[in-house]
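Geometric and topological summary
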Amino acid sequence: MGKAKRIEKIKCIRCPLGCTLKIKISEDGIEIEGNRCPRGVEFAMQELKDPMRILTTSVKVVGGKLPLVSVKTSGTVPRSKIHDLMGHIKKIKIRAPIKIGDVIEKNILGLGVDLVATRDCDER
Amino acid sequence: MLVVGAGAAGMAAAKGASEKGAHVLLVDNEEWIGGILQQCIHNGFGVHRYKKELTGPEFAAELKSEIPSDVEVKTGTFAHEIVPNEKRAILVSREGIEEVSYESLVYATGARERTFQSLMVPGTRPAGIYTAGQAQRLINIEGYLPGKRALVLGSGDVGLIMARRMYLEGMEVVGVVERLPYPGGLRRNVKQCLEDFDIPLYLSHTVIRVEGYPRLEKVIVAKVDGNFRPIPGTEREFHVDTLVVSVGLIPVKKLVADFVKVRSGVLVSSSGQTSVDSIFAAGNVTTIFDLVDYVAKEGEKAGRSAALLAKGEFRGERLPIRKGKGVKILHPEWYDPSVPLSVYLRVEKPMEKALIRVGKYEIEAEDLTPAEMVNVDVEPPCESEVSVSVTEV
């Protein structure tokens, strides 16, 4: 076992348990401790490479009972793209009715994930 | 059976009760069911109950789909009074005043937010000061931004989530102020809401004064000592037009507080029964839970117990649970040997490694903080009194 060059502590955000992950980076590779499930290892590796997040926000609704409908990305997106995504989503307007799970925009900004509604919105 | 409140606890109670054969009336004063979940558009809900990560509205929709169709739902309906001796309730809606009688009742009215006014902070009383839930409703449901430049007081989960939400919607968020030496919310939220966007967290700090009129202009913040007293000379000014406060939740127990035993919330046994046999309670009106998954679990249990009581098949025992060393908050108040015991606790101080004792059971735990509720499920302990303690090892 080579000497640990660097030890980082991060909080796993894959679920509300919030495990403290100890990432030991040495000449032999990367070792992860403190995870209570395999998703912790996955999360830590991704966090080192390129942090990924699910984005949740809302889009404007035209002709709906509510002025907005809540949305999320169908999968994770690079954290570094969140600003671009927010700028893009701000311009979207969608006509009611909307059903939970409806795809609002496919392959948003070419990131390979869709923007989907997370709530129903009936017509006014 | 009557269920008051159609948030997570009430919806789950309606489901549990209906499945045990009760005829259920579920009422809520909002125009929709789902309670506060509908404005919590962020994800992280349902990891325990549905084994997947959902947003608040999605969790509400899942739970709603579990409610059998014979449950009668009335929205826009406010429970005005409960008369426990006669087992009847007075409901008010646009259609008028209505009296209903019940065999058993589940009280699931949730919690409200502690307000800035209750903190007695000196200064003007300007516009621009919101509770986190108010700001959340404005942004996520109504489509308005509360202001341009914001400071958040209190690092509970809603405060952290609103810091991120305001930031993403284009507001400037200058920081989150917390009087405790550790964050009040889940650690994952400190990471993904603040650290991800370089929003500073000021621990051991509090707001000592607000200035500006009619709109908020300035918030003065100071470091506090171990007794939360501001330390002179540590003041710092934030020029903001918005202050969002997330300083705790208070169970809404008013309707039953005159006749059931209460402390900060409505006291219940592990089956959800209050000190009055025919009245059950669940969710944030009993104690403030971290996870909606726990709320739904307790709601479902209370609903089942209440349905069995209505059929005359529920005995209902209340054996004491004693709060031992290291435990700051303990729930429930009593245990009922007829159901498995689910204990919820908050520790007094952060502990790296700890031993949790629930009666004869010993459970090892790691990385405990008061901000994070611990849930321990055990078989009924079969003892006349159960003691719960946490020791650091």
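Look a little higher up for the structure.
How each quantity is defined
Residues numbered from 1 in each chain as written. Chains lettered and ligands numbered in written order. Predicted model: local features only at pLDDT ≥ 70, side-chain atom pairs only at ≥ 80, totals over all residues. Heavy atoms only, no water. Pairing = 2+ DSSP bridges. Helix = DSSP H or I, 4+ residues; strand = E, 2+ residues; numbered from the N terminus. Contact = heavy atoms within 4.5 Å. Buried area = accessible area lost by both parts, 1.4 Å probe. Salt bridge = Lys/Arg side-chain N within 4 Å of Asp/Glu carboxyl O. Polar contact = N/O pair within 3.5 Å; in protein donor to acceptor, adjacent residues only side chain to side chain. Nonpolar A, V, L, I, M, F, W, Y, C, P; charged D, E, K, R; others polar. Axes fitted to C-alpha atoms, helices over the stretch in contact; angles between N-to-C directions.

Considerations on the sheet that holds strand E25 (residues 351-358) of chain B
Residue and element names in this part refer to chain B. The mixed open sheet is built from 5 strands, whose spatial order is E23-E21-E28-E25-E26. Each edge of the open sheet is held by one strand with a lone partner, namely strand E23 (334-335) and strand E26 (361-368). Both E25 and strand E28 (residues 386-392) contribute to a ladder of 5 bridges, which runs antiparallel. The residue bridging Ala354 from the neighbouring strand is Glu392, located in E28.

Brief notes about the interface of chain B and chain A
The partner chain A presents 29 residues to the 32 residues of chain B that form the contact. With both chains or domains summed, chain B and chain A bury close to 2700 Å², and 55% of this area falls on carbon and sulfur atoms. Interface area lost by chain B to chain A is led by B:Leu168, B:Arg188 and B:Lys191, which between them contribute 20%. Across the chain B-chain A interface, the total number found is 4 salt bridges. For A:Lys72, the salt bridge goes to B:Glu58, with nearest N and O atoms at 3.0 Å. Across the chain B-chain A interface, the total number found is 10 residue pairs in polar contact (both at pLDDT 80 or more). If you list the elements that add at least two residues to the side of chain B that touches chain A, you get strand E3 (43-45), helix H2 (56-66), helix H3 (132-142), helix H4 (157-168) and helix H5 (187-194) of chain B. Looking at side-chain class alone, the side of chain B that touches chain A contains 12 nonpolar, 9 polar and 11 charged residues.

What to know about the sheet that holds strand E5 (residues 56-62) of chain A
All names here are of chain A. Read across the sheet, 5 strands follow the order E8-E5-E6-E10-E9 without closing on themselves; strand pairing throughout is mixed. Only two strands of the sheet have a single partner each, and these edge strands are strand E8 (93-95) and strand E9 (103-105). Averaged over neighbouring strand pairs, the angle between their axes works out to 45° when direction is ignored. Taken together, the 3 bridges between E5 and E8 define a ladder with parallel strand orientation. Pairing of Val62 across the sheet is with Arg95, part of E8.

A closer look at unusual backbone geometry
Residues B:Tyr213 and B:Pro214 are joined by a peptide bond in cis, for which omega reads 5°. For B:Pro214, the position within the fold is in the loop between strand E15 (205-211) and strand E16 (218-223). The omega angle of the peptide bond from B:His331 to B:Pro332 is 0°, so this bond is cis rather than trans. Structurally, B:Pro332 can be placed in the loop between strand E22 (327-331) and E23. You will see that A:Leu109, though not glycine, has its phi angle at about 50°, which is positive.

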